[in-house]
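Coordinate inspection notes
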Amino acid sequence: MVRGSGILAALTMLAGAAHAEVSTAVRQEDRTLAGLNQPAEMIIDRWGIPHIYAQSARDAFFLQGYNAARDRLWQIDLWRKRGLGRLSASLGPAYVAQDRAARLFLYRGDMAAEWAAYGPGGRESVEAFAAGINAYVAEVRAGKRPLPVEFGLTKSQPEDWKPEDVLRIRSHALVSNVTSEVARARVVCAGGVEADALRRKLEPAHKLSVPKGLDPCDVPADVLKDYVLATEPVNFKALADARTAEVDTDIKLAEVIDRRAAEGSNNWTISGARTATGRPILANDPHRPVGVPALRYIAHLEAPGLSIIGAGEPALPGISFGHNGTTAFGITIFYIDQEDLYVYETRGATYRYKGGWAPMTTVRETIEVKGEAPREVELRFTRHGPVVSEDAARGRAFAIRTIWGEPGLAGYFGSARMWRAKGWDDFQTARNKWGAPPLNLVYADTSGEVGWSAAGRTPVRPNWDGLFPVPGDGRYEWKGFLEDGGLPVSRNPAAGFFATANEMNLPTDYPRDERKLSYEWADATRSVRIKEVLAATPKGTLADSMALQTDAVSAQSRRGIALVRTLASADAEVARALDTLKTWDSNLAVDSAAAAIYEVWANKHLGRATVAVAAPESVREMIGNSSPDPILTWLEAAPPAIRDPILLSSLAAAVAELKVRLGPDMSTWAWGRLHVARFTPAIAALAGPELAAQMSLGPLQIPGSASSPRAATYSMSDFSQTAGASVRFVMDVGAWDNSMAINTPGQSGDPLSPHYRDLFPLWAAGGYVPLRYSREAVNRDAETVVRFAPAK
């Protein structure tokens, strides 16, 4: 196409110094774009990463929204419809219940306070981003851009966005621990306080007690049905089968908890004193469900006063983690308890409160339904939050108080204060204003500073610990939130590095019992391995951090192996499995027979066998398989006469399953034959076999498990990976072009695009691509250059 010389000149002035020319082999295109204020340019590199160069921050965010729609329109449109409770308008009556549930958790507070909570530039970025999405949607409607195939499968159309849509949706942000509160109440009702120790380990050590006024047996098994439905992804099997989308009552709460507990992360920051170059290194690999399209998207924005590159969720402007040319920042979940379930005595639409009866607030809303008349639904709220369950016959109701209802709590958008942070003080300001999800923020900058801060809106519970549901009669009220500076911090740690992996990492001198941030954390196994490797690496390199992010060694397995090291068995096959485990190096490699034996045994059979002995029969199904940490903790304390039969019988069951799955010859067993990545989008349920095959990826063998730094959580039904790091970053702080990253399976959500699946094999193999930052480096790696001019 003809080059736009005026546009090119303007962009050259914006870029400043001379830079390497783009190859003439690179595809180049000129476009006019309604809504853009000044000429701008976008370079798509060979890995599908967009690099946006604009003459104002507003235009940069506008183009980011436009590009998000270009690559992920179906994904972000579905995110918006699910979050706002608008699925029925596009998909039909099967989703009315899910729409109603989603609307219970929308932000309904003052929007002026909401906008003000994100600091300078926050509102501009959201408004411009939404306008950019709408600009692309307009081009789709005009026939200038293709309608993604998923809209054809659902006979639907993308909708326009309002800026406030981005912020009002809260249900994608991870908070805790209402699911565990309910599970605990159910277990304690059936088996007493002691039974819950086998379900969940508490840290710091804490004596469990039922709050005064609570009868745990008042909490029904399905009390969180609406909550789970509001926070679950869209299931298209409901549409394919012409039935109502709802929570499967056969899925036990323990399984929901296990699935969501897998959504952790790793990060670390290393001082220049401990690196080969003398520059800090910052690494981050957030873990969430893996699949197609990818949960996260990598982007680079350049404009006067704005220079950011990193990753975030594709429906949000800016980045959630990455760097701005001066400071780098990374995130993992820090398990602040940010929600509570309240139990009420009711009379009709009133509830007992402080000796009287308070009215619930009733909101009536209309849900549009495709092909049918609109449905009128009723939403109820107490002073604490949305009512998720009512039992008029018993005079009981249940509501959830969550920080989602507070201004400034849109998930991950607290990162907006990090985009222009120039030093440690800016970093601390950003962390003090952070809302949700609660995070370990790690930091490094070009001056050599490194550090960590816990961040998140923290309820103050003056007279209870947050571990059970509580009566909603006024005895259990949040006393505001922890003040700025109330969360732990470490600046330039003496060890020369700081690493987090969702473990209980409150410092020993922190007032743990007074502030009661949380008692439920991830197993420390990933943290143990990460810290032992970092401590043993006096001069770390980028390659070292990449290797550590994909490290498949399970520190947890050492505990399991220690339990069987002295055991023997008269069963020849069990004896051989014992010998294999005793000589294993705890590396969950794809070719390892020991890894296959350990994972099938420790994660599928050992827990259930232990629960069958250790827990009352009345709670066994509620606890399910539990998780390895509390199970191993119980076994380590049990006398050999009780412990050893459990170990041997469960190992025999694992061997029997492996013989069915992998054949009778143990020498052919390998973890990679079981543990694979196989990605199929939910929408494939509506596609024909050819299109479904085009949309699907894998299987590819994957090392590791939930207990290794290469977090690769899997389904117990077939051992395929369900969660882990879809995106990984390793940043060379100050020499930014050396930084490396990977996303999976690709940057695009279009199954016909080469960037839909191009990164999948590399990710599975533990590989990375360069994260280019300078204009020169970006130009060298360009695949497509698009020059935009404002439409006249």
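Within the largest apolar cluster, 140 residues are counted, with the highest numbers of intra-cluster contacts made by Leu306 and Phe729. If one sorts the elements of this core by residue count, helix α2 (residues 57–84) sits on top with 14 residues.

Counted by the stated rule, this structure contains 51 salt bridges. Linking Arg141 and Asp160 is a salt bridge whose minimum nitrogen-to-oxygen distance equals 3.1 Å. Placement of Arg141 in helix α6 (residues 122–141) and of Asp160 in the loop between α7 (149–154) and α8 (163–168) is noted, with a sequence separation of 19 residues between them. Between Glu636 and Arg559 there is a salt bridge; the shortest N-O distance is 2.9 Å. Taken as a pair, Glu636 in helix α21 (residues 628–637) and Arg559 in helix α17 (residues 555–564) lie far apart in primary sequence, 77 residues in all. Via salt bridges that share partners, Arg80, Arg86, Glu159, Asp165 and Glu368 belong to a single interconnected network.

Let us look at the packing of aromatic side chains. Geometrically, a pair of aromatic rings is defined through the distance of the ring centres and the angle of the planes. Taken as a whole and assessed by the stated rule, the structure comprises 29 aromatic pairs. Aromatic side chains Phe413 and Trp419 sit 5.9 Å apart centroid to centroid with 75 degrees between the ring planes, which places their arrangement in the edge-to-face category. Both residues of the pair, Phe413 and Trp419, belong to the buried class. Measuring from centroid to centroid gives 5.6 Å for Trp464 and Tyr476, while their planes differ by 85 degrees, and the two rings are edge-to-face. Of this pair, Trp464 sits in the loop between β18 (450–455) and β19 (470–471) while Tyr476 sits in the loop between β19 and β20 (489–491), and the two are 12 residues apart along the sequence. Comparing Trp464 with Tyr476 shows no difference in burial state: the two are buried. Connected via pairs of aromatic rings, a cluster forms that spans Phe61, Tyr118, Phe413 and Trp419.

This brings us to the layout of surface pockets. Empty pockets left among the atoms are what a rolling probe the size of a water molecule brings to light. The calculated volume of the second largest pocket comes to roughly 720 Å³. The wall of the second largest pocket is formed by 32 residues, among which Arg70, Asp71, Tyr136, Asp750 and Ser753 lie closest to the centre. Breaking the lining of the second largest pocket down by element, the ones donating at least two residues are β1 (27–33), β2 (40–45), α2, α7 and β29 (782–790). If you tally residues by element for the lining of the second largest pocket, the top one is α2, at seven residues. The residue makeup of the lining of the second largest pocket, split by class, is 16 nonpolar, six polar and 10 charged.

The rules we used
Residues numbered from 1 in each chain as written. Predicted model: local features only at pLDDT ≥ 70, side-chain atom pairs only at ≥ 80, totals over all residues. Heavy atoms only, no water. Core = buried A, V, L, I, M, F, W, Y, C linked by side-chain atoms within 4.5 Å. Buried < 20%, exposed > 50% of the residue type's maximum accessible area, 1.4 Å probe, protein only. Helix = DSSP H or I, 4+ residues; strand = E, 2+ residues; numbered from the N terminus. Salt bridge = Lys/Arg side-chain N within 4 Å of Asp/Glu carboxyl O. Phe/Tyr/Trp six-rings, centres within 6.5 Å; stacked < 30°, edge-to-face > 60°. 1 Å grid on protein atoms, 1.4 Å probe; cavity = no way out; pocket = protein on both sides within 12 Å on 5 of 7 lines; lining within 4 Å. Points joined across faces, edges and corners; volume = space filled by probe spheres on them. Nonpolar A, V, L, I, M, F, W, Y, C, P; charged D, E, K, R; others polar.

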